[in-house]
Structures are given as C-alpha cells and as structure tokens.
Amino acid sequence: AQKITQTQPGMFVQEKEAVTLDCTYDTSDPSYGLFWYKQPSSGEMIFLIYQGSYDQQNATEGRYSLNFQKARKSANLVISASQLGDSAMYFCAMREAFSGGYNKLIFGAGTRLAVHP
Amino acid sequence: ETGVTQTPRHLVMGMTNKKSLKCEQHLGHNAMYWYKQSAKKPLELMFVYNFKEQTENNSVPSRFSPECPNSSHLFLHLHTLQPEDSALYLCASSQDSGNTGELFFGEGSRLTVL
C-alpha cells in the first residue's frame, strides 16, 4: 500500500536561513508523482512543487527545491532564504499513475514550520 | 475571482441538523474532490467526481452525501452528524492533461458539530 511519512511534526528556522523538510514514501508503482503543499492558517492548500518519478533532475520553483532520492524513496523539500511568510504547515503528497483522468493524492501528516525573525 | 471557492467558511450545526457545503471551481477542470482534515490526522480523501460521475467513495458514512450537478459545482450534504465529524472540509479540482495534474484547493469549510 502507498504511504507518505513526514517525521518532523515541527521545525524552527531563522529568517534568511535554509530549511529542509523531510518526506519519505512507499509505493510499488514505478510511475508516480510527488507534491509539496503549503497550508497557511487560512486553510487553503497551496501547491508548491512537483517531482515525477521519471524526472532526471530535481525540481525547483523559485526558493523551493525538491531533493529527490529515488533509491532511498525520499523527496525532501528545501526552502532557501526563509521568510516570515513561510510559517505554515507543509504537506508532502504522492499520486499514483493517472487513473481515468483524475488524481488520487495521499498526504503525509505534515510539518509545521515556524520562521523566527 | 479565486480558482476554487467554498461556502460557508464556517459552520456550526447540531447533530440533528441538515446542512450543505458548496464548492465551485472557475478553472474549467474535469475532476473535483472532497477531503477531510481532522486535527492530528493526515488529509483523508472522501469522494472524487470526474466529469460529474462519482469515481471514488472511500468508505464514507452515509450521513455524508455528495452531489455533483456539473463539472464546476460540488456539494456535500450533511445530516445527523456526530461530534467526531468536526473538521476542515477541503474541496479541490484538477485537470486531466499532460501537466503535473496538481490539485487546486479551496480555503475549506470548518465544520463544528455540537
């Protein structure tokens, strides 16, 4: 069965520093996708970055990068130059191969990030 | 206009009430989803609709009744709920295409059952 594990319930980082949020996954499907979402206190889940299982390079989106280590089944999120607005819950999610035109994402328990000035 | 809009944002109801949550997406997507987010638990997928047809029902109790009249609107009808149903209910949509297929979420409806 598919599983996403985020082992860090909470993380602290100083403003302008980089931080890594951990995510490991388990699947027997060779084709899958990995996502990171941010959830501020407002509740909305905001998509940050995506990594496909066949992508050769690590995904990057602005200050976000995904450290994809396929053999270790890990997909850690790296946030560079943290800002106060980065304080939020962060969720790692996995999707199996496309199934009939819709996505079935399973989510990890999340990591609460606090950025200190 | 935001991509996915949920109303109401907050709802308090008694166990004998009947209420509905509404979700509308303005993105032209074909699939819509209901997720439940309880305290200290990962997001749980409840229902998926693809082109108005229900394609997933993850063993959700019958006191939750979804309705999808078209690809832009999704409802969750609630009746005789239990206090443990108190949670944030998130609606999402996605597009069947060659892109990443990420889900676009609304801000959620926070439900409190007394």
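Numbering of residues starts from 1 in every chain and runs along the sequence as written. To label them, take the chains in the order written and letter them from A, then take the ligands in the order written and number them from 1. Per-residue local features are limited, in this predicted model, to residues with pLDDT of at least 70; the limit for side-chain atom pairs, both in listing and counting, is 80 or more; totals at the level of whole chains, interfaces and linings are taken over all residues. To obtain the side-chain values, all non-hydrogen atoms of the structure were used and water was disregarded.

All right, on to the sheet that holds strand β8 (residues 73–79) of chain B then. Backbone-to-backbone hydrogen bonds pair the strands of a sheet. The strands run either parallel or antiparallel. Residue and element names in this part refer to chain B. We treat two strands as partners when DSSP finds at least two bridges between them. The secondary structure listing takes helices from DSSP runs of H or I that are at least 4 residues long and strands from runs of E that are at least 2 residues long, numbered from the N terminus. If you trace the 4 strands from one edge of the open sheet to the other, you get β1-β3-β8-β7, paired in antiparallel fashion. Edge strands, defined here as strands with exactly one partner in the open sheet, are β1 (4–7) and β7 (64–70). This sheet shows a mean twist of 15 degrees between the axes of neighbouring strands, independent of strand direction. Relative to strand β3 (residues 18–25), β1 runs antiparallel, the two sharing 4 bridges. Across the sheet, Thr7 pairs through a bridge with Lys22, a residue of β3. Only the contacting stretch of a helix is used when fitting its axis, a line to C-alpha atoms as for every element, and angles between N-to-C directions run 0 to 180 degrees.

It is worth spelling out unusual backbone geometry at this point. A cis geometry characterises the amide bond from Thr7 of chain B onward to Pro8 of chain B, with omega recorded as -10 degrees. On the secondary structure map, Pro8 of chain B appears in the loop between β1 and β2 (10–13). With a phi close to 55 degrees, Lys73 of chain A is a non-glycine residue in the positive phi region. Phi is positive for Ala81 of chain A, which is not a glycine, with a value near 50 degrees.

Looking now at the state of the cysteines. A pair of sulfur atoms, both from cysteines and within 2.5 Å, is called a disulfide here. Summed over the entire model, instances satisfying the criterion amount to 2 disulfides over all chains. Here Cys23 of chain A connects covalently by a disulfide to Cys92 of chain A, the sulfurs 2.0 Å from one another. With the S-S bond torsion at -65 degrees, the cross-link from Cys23 of chain A to Cys92 of chain A turns out left-handed. Here Cys23 of chain A, found in the loop between β3 (19–21) and β4 (24–26), pairs with Cys92 of chain A, found in strand β10 (residues 88–96); they are 69 residues apart in sequence, far enough to count as distant. Neither residue differs from the other here; Cys23 of chain A and Cys92 of chain A are each classed as buried. Sulfur-sulfur distance for the disulfide between Cys23 of chain B and Cys91 of chain B comes to 1.9 Å. Its torsion about the S-S bond being -75 degrees, the disulfide of Cys23 of chain B and Cys91 of chain B is classed as left-handed. When accessible area is computed with a 1.4 Å probe and restricted to protein chains, residues below 20% of their type maximum are described as buried, those above 50% as exposed, and intermediate ones as partly exposed.

Here, residues are in contact when the closest pair of their heavy atoms is within 4.5 Å. Of the residues lining the interface, 21 residues belong to chain A; the matching set on chain B comes to 27 residues. Defined in terms of a 1.4 Å probe, buried area is the accessible area two parts forfeit on being brought together, summed over both. Carbon and sulfur atoms supply 55% of the area buried between chain A and chain B, which totals about 1900 Å² over both sides. Interface area lost by chain A to chain B is led by Tyr102, Asn103 and Phe107 of chain A, which between them contribute 28%. What makes a salt bridge here is a side-chain nitrogen of Lys or Arg within 4 Å of a carboxyl oxygen of Asp or Glu, nothing more. Inspection of the chain A/chain B interface yields 1 salt bridge. We note a salt bridge from Lys104 of chain A to Glu56 of chain B, for which the minimum N-O separation is 3.3 Å. Nitrogen and oxygen atoms within 3.5 Å of one another constitute a polar contact, given that in protein one can donate a hydrogen and the other can accept it, and given that sequence-neighbouring residues count only through two side-chain atoms. Counting across the chain A and chain B interface gives 7 residue pairs in polar contact (both at pLDDT 80 or more). When residues of the side of chain A that touches chain B are assigned to their parent elements, the largest contribution, 3 residues, is made by strand β5 (residues 32–39) of chain A.

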